[in-house]
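Architecture at a glance
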Amino acid sequence: MTFTFRPLDPLKDAELLHAWVTHPKAAFWMMQDARLEDVERAYMEIAADEHHHALLGLKDGVPAFLMEKYDPAHRELVGLYEPLPGDIGMHFLTPATDRPVHGFTRSVITAVMAHLFEDPAVRRVVVEPDVSNKAVQALNAAVGFVPAREIQKPEKPALLSFCTREQFIAATGVAA
């Protein structure tokens, strides 16, 4: 599957995002009770943040998933690990669907990782999924992530994991 990326527009895309992040299958996104205004506000804050960016992944020009990237030296993981030059943090969300496509989510995380590694300054991707989110941990492993240790974030116990460019290529065969 081929995907393209575009910056998320917090106001134009808020209704779509609201449906995605409040769905019961998006429980790990921790926005279950968010109102439309809450989603707009959260993504306006990201849009204004030089260390955090939200993108929509498009399939045939239609929004298909959400991707966030952040600088872990300034957001999300400050004080929880020692970031290295070239580290970038990542979150992704595939929306719930009535007609799942086999392999879709794996294609999404592979595209997200390839997109991140398009930047030659990126040397390693860091993620911190909830320790109980076994599904995303399996996807992370499939694209080369190696768990480092459990950490306690303010909102959750998380599994700190890393993936270098070399680990990604070895796991997926995708040039990065």
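Going along each chain's sequence as written, the residues are numbered from 1 onward. Only residues with pLDDT of at least 70 get local features here, since the model is predicted, and only at 80 or more are side-chain atom pairs given and counted; chain-wide, interface and lining totals rely on the full set of residues. Neither water nor hydrogens contribute to the side-chain values; these are computed over all heavy atoms in the structure.

1. Digging into the packing of aromatic side chains
Each aromatic pair joins two rings of Phe, Tyr and Trp (for Trp, the six-membered one) with centres within 6.5 Å, and gets the label stacked for planes under 30 degrees apart, edge-to-face for over 60, and tilted for any other angle. Enumeration according to the criterion identifies 5 aromatic pairs in this entry. Considering the side-chain rings of F3 and F104, the 5.8 Å spacing of their centres and the 80° angle between planes classify their relative orientation as edge-to-face. Residue F3 is located in the segment before strand 1 (4-7), and its partner F104 is located in helix 3 (residues 104-117); the two are separated by 101 residues in the primary sequence. Buried residues are those whose accessible area, probed at 1.4 Å on protein chains only, stays under 20% of the maximum for their type, while exposed residues exceed 50% and partly exposed ones sit between those limits. You can call F104 buried: its relative accessible area is 16%. Look at F5 and F65: their rings are 5.7 Å apart centre to centre, the planes differ by 80°, and that puts the pair in the edge-to-face class. Of this pair, F5 sits in strand 1 while F65 sits in strand 3 (residues 62-70), and the two are 60 residues apart along the sequence. Members of the aromatic cluster, joined through ring pairs, are F3, F5, F65 and F104. The aromatic ring of F162 is capped on one face by R124, whose charged end is 3.9 Å from the ring centroid. Secondary structure is summarised from DSSP: a helix means a run of H or I of at least four residues, a strand means a run of E of at least two, and numbering begins at the N terminus for each. Sitting over a ring, as applied to charges here, requires NZ of Lys or CZ of Arg to be within 6 Å of the ring centre and within 35 degrees of the ring normal.

2. Comments concerning the pattern of salt bridges
Definition used for salt bridges: Asp or Glu carboxyl oxygen within 4 Å of a side-chain nitrogen of Lys or Arg. Using the criterion set out here, one finds 11 salt bridges in the structure. The partner of D60 in a salt bridge is K59, and the shortest N-O contact between them spans 3.7 Å. For D60, a relative accessible area of 70% translates into the label exposed. Taking the relative accessible area as the measure of exposure, K59 reaches 30% and is therefore partly exposed.

3. Points about the packing of helix 3 against helix 4 (residues 134-142)
For the pair helix 3 and helix 4, interaxial distance at closest approach is 10 Å and the crossing angle is 55°. Comparing the axis directions of helix 3 and helix 4 gives the class oblique. For the element pair helix 3 and helix 4, the recorded crossing hand is right-handed. Listed contacts from helix 4 to T105, R106 and I109 of helix 3 are L139, N140 and A142. Considering only residue class, the contact of helix 3 with helix 4 consists of 3 nonpolar, 2 polar and 1 charged. Each axis is a line fitted through C-alpha atoms, taken for helices only over the stretch in contact, and angles between the N-to-C directions span 0 to 180 degrees. An angle below 35 degrees is read as roughly parallel, one above 145 as roughly antiparallel, one from 65 to 115 as roughly perpendicular, and any other as oblique. Helix crossings fall into two classes, left-handed where the near helix is turned counterclockwise from the far one by less than a right angle and right-handed where it is turned clockwise. In this analysis, two residues are considered to be in contact whenever any of their non-hydrogen atoms come within 4.5 Å of each other. Gly is put with the polar residues, along with every residue not named as nonpolar or charged; the nonpolar set is Ala, Val, Leu, Ile, Met, Phe, Trp, Tyr, Cys and Pro, and the charged set is Asp, Glu, Lys and Arg.

4. Regarding the nonpolar core
In this description, a nonpolar core means a group of buried Ala, Val, Leu, Ile, Met, Phe, Trp, Tyr and Cys residues linked to one another through side-chain atoms lying within 4.5 Å. M90, F92, V112, M113, L116, V125 and F145 are the most contacted members of the largest nonpolar core, which has 26 residues in total. Listing elements by their share of this core, those giving two or more residues are strand 3, strand 4 (87-93), helix 3, strand 5 (124-127) and helix 4. With 9 residues, the single largest contributor to this core is helix 3. Residue contacts for V125: discarding those within four places in its chain leaves I88, M90, M113, L116, F117, F145, S161, F162 and C163. Among the nonpolar cores identified, the runner-up in size contains 16 residues, and L8, L17, W29 and A34 belong to it.

Remember that the coordinates give geometry; whether it matters functionally is a separate question.
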